[in-house]
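Residue-level structural notes
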Amino acid sequence: KSGEAISYSKEEGEIIANGEIIQVVVSKGSAVKIPNFIGLTKSGASSTAKKYSLYVTFVYGGYNSAAKDTVIRQSISANTTVDSGTTITLTLSNGPAQSFTLYYSSAQLGNSYQETVTSLTKYFNANYPGVIFKFTAKSSSSLRSGMIAPDNPTPTGTTVTQGKTYYIYVVK
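Residues numbered from 1 in each chain as written. Predicted model: local features only at pLDDT ≥ 70, side-chain atom pairs only at ≥ 80, totals over all residues. Heavy atoms only, no water.

Concerning the side chain of Thr48
Positionally, Thr48 belongs in helix α1 (residues 42-51). The buried category is assigned to Thr48, whose relative accessible area is 18%. Excluding residues that lie within four positions of it along the chain, Thr48 makes contacts with Pro35, Phe37 and Leu40. (Helix = DSSP H or I, 4+ residues; strand = E, 2+ residues; numbered from the N terminus. Buried < 20%, exposed > 50% of the residue type's maximum accessible area, 1.4 Å probe, protein only. Contact = heavy atoms within 4.5 Å.)

A word on α1
Regarding α1, the residues found buried are Ala45, Thr48 and Ala49. Seen along its axis, α1 keeps its buried residues to an arc of 100 degrees; they face one direction. Along α1, exposed side chains directed more than 90 degrees from the buried face belong to Ser43, Ser47, Lys50 and Lys51. In this structure, the buried side of α1 is in contact with β4 (55-60), β5 (71-74) and β7 (87-92). Downstream of α1 by a residue or two, Ser53 has a phi angle that is positive, lying close to 60 degrees. (Arc of directions from axis to C-beta.)

Some points on the nonpolar core
Counting residues in each nonpolar core, the largest one holds 17 residues, and the members touching the most others are Leu120, Phe124, Tyr128, Phe133, Phe135, Val160 and Ile168. Among the elements of the structure, α2 (113-127), β9 (132-138) and β11 (165-171) are those that each provide at least two residues to this core. Once you skip the residues sitting within four places of it in the chain, Tyr128 turns out to touch Phe100, Thr101, Leu102, Tyr103, Tyr123, Phe133 and Val160. Grouped together as the second largest cluster of nonpolar side chains are 12 residues, Ile34, Ile76, Val82 and Leu92 included. (Core = buried A, V, L, I, M, F, W, Y, C linked by side-chain atoms within 4.5 Å.)

Here we look at a nonpolar patch on the surface
Taken together, the side chains of Tyr8, Ile16, Ile22, Val24 and Val26 define a hydrophobic patch exposed on the protein surface, amounting to about 440 Å² of accessible area. Of note, Ile16 is situated in the loop between β1 (5-8) and β2 (24-26). Relative accessible area serves as the criterion here: at 39%, Ile16 is assigned to the partly exposed category. (Patch = residues over 30% accessible without salt bridge, like charges linked within 9 Å, V, L, I, M, F, W, Y side chains within 5 Å. Areas by Shrake-Rupley, 256 points an atom, 1.4 Å probe, with all protein chains shown as cover. Salt bridge = Lys/Arg side-chain N within 4 Å of Asp/Glu carboxyl O.)

Observations concerning the packing of aromatic side chains
All chains considered together, the criterion is met by 9 aromatic pairs. Ring centres of Tyr123 and Tyr128 lie 6.2 Å apart, and the angle between their planes is 75 degrees; this geometry places the pair in the edge-to-face category. Looking at Tyr128, the relative accessible area reads 5%, which means it is buried. Three or more aromatic residues joined by ring pairs form one cluster here, namely Phe100, Tyr104, Tyr123, Phe124, Tyr128, Phe133, Phe135 and Tyr166. Between the NZ or CZ atom of Lys138 and the centre of the ring of Tyr169, over which it lies, the distance is 4.6 Å. (Phe/Tyr/Trp six-rings, centres within 6.5 Å; stacked < 30°, edge-to-face > 60°. Lys NZ or Arg CZ within 6 Å of the ring centre and 35° of its normal.)

Quick notes on the pattern of salt bridges
Considering all chains together, one arrives at 3 salt bridges under this definition. Residue Lys10 pairs with Glu14 through a salt bridge whose shortest N-O separation is 3.8 Å. By relative accessible area, which is 24% here, Lys10 ends up partly exposed. As a salt-bridge pair, Lys10 and Glu20 come within 2.6 Å of each other at their nearest N and O atoms. Taken together, the residues Lys10 in the loop between β1 and β2 and Glu20 in the loop between β1 and β2 connect sequence positions 10 residues apart.

Describing the sheet that holds β7
Strand order in the open sheet formed by 3 strands is β4-β7-β5, and the pairing between neighbours is mixed. Of all strands in the sheet, those bounded by a partner on one side alone are β4 and β5. On average, adjacent strands in this sheet sit at an angle of 35 degrees to one another, irrespective of strand direction. Direction of pairing for β4 relative to β7: parallel, over a ladder of 6 bridges. (Pairing = 2+ DSSP bridges. Axes fitted to C-alpha atoms, helices over the stretch in contact; angles between N-to-C directions.)

Remarks on the side chain of Thr91
Tracing the backbone through its elements, the reader meets Thr91 in strand β7. Thr91 sits in the buried class, given a relative accessible area of 10%.

The analysis is restricted to geometry; functional conclusions fall outside its scope.
Listed below in structure tokens is the structure:
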């Protein structure tokens, strides 16, 4: 059993000198073969890990055709022999990516580059979950700071998809 002492460098009843070091060998547990977690739900993977005396941590690994909270990768390959009590990281799907039509207006624009970036970031996070937006500062002699640049590659009306990155040009 994991954590139990299985041998000692001294025999029972032996006299030990003051300051003498005693070596103790502690069991890591019995060896187990890693099961295949791919395709299991998060709760199914937790139950399976418990059955095999394994620990799991979960991370999300993006959008794909697998249902949300389904295991799509495992950090240790199936059939690998490990000690019981080993921790394996399982990557879960975010589910199929959704697409949205992007809308933003002057109501989301600020009076400076930073105000607009802050405002749009908050608005985009609330309305377009899982879509990645990056902001690029542009200069303009005709537009004030905080306005959307005329050569912006992601204008309102653009279809955006979860897991993909889109650039917004804001006048600095």
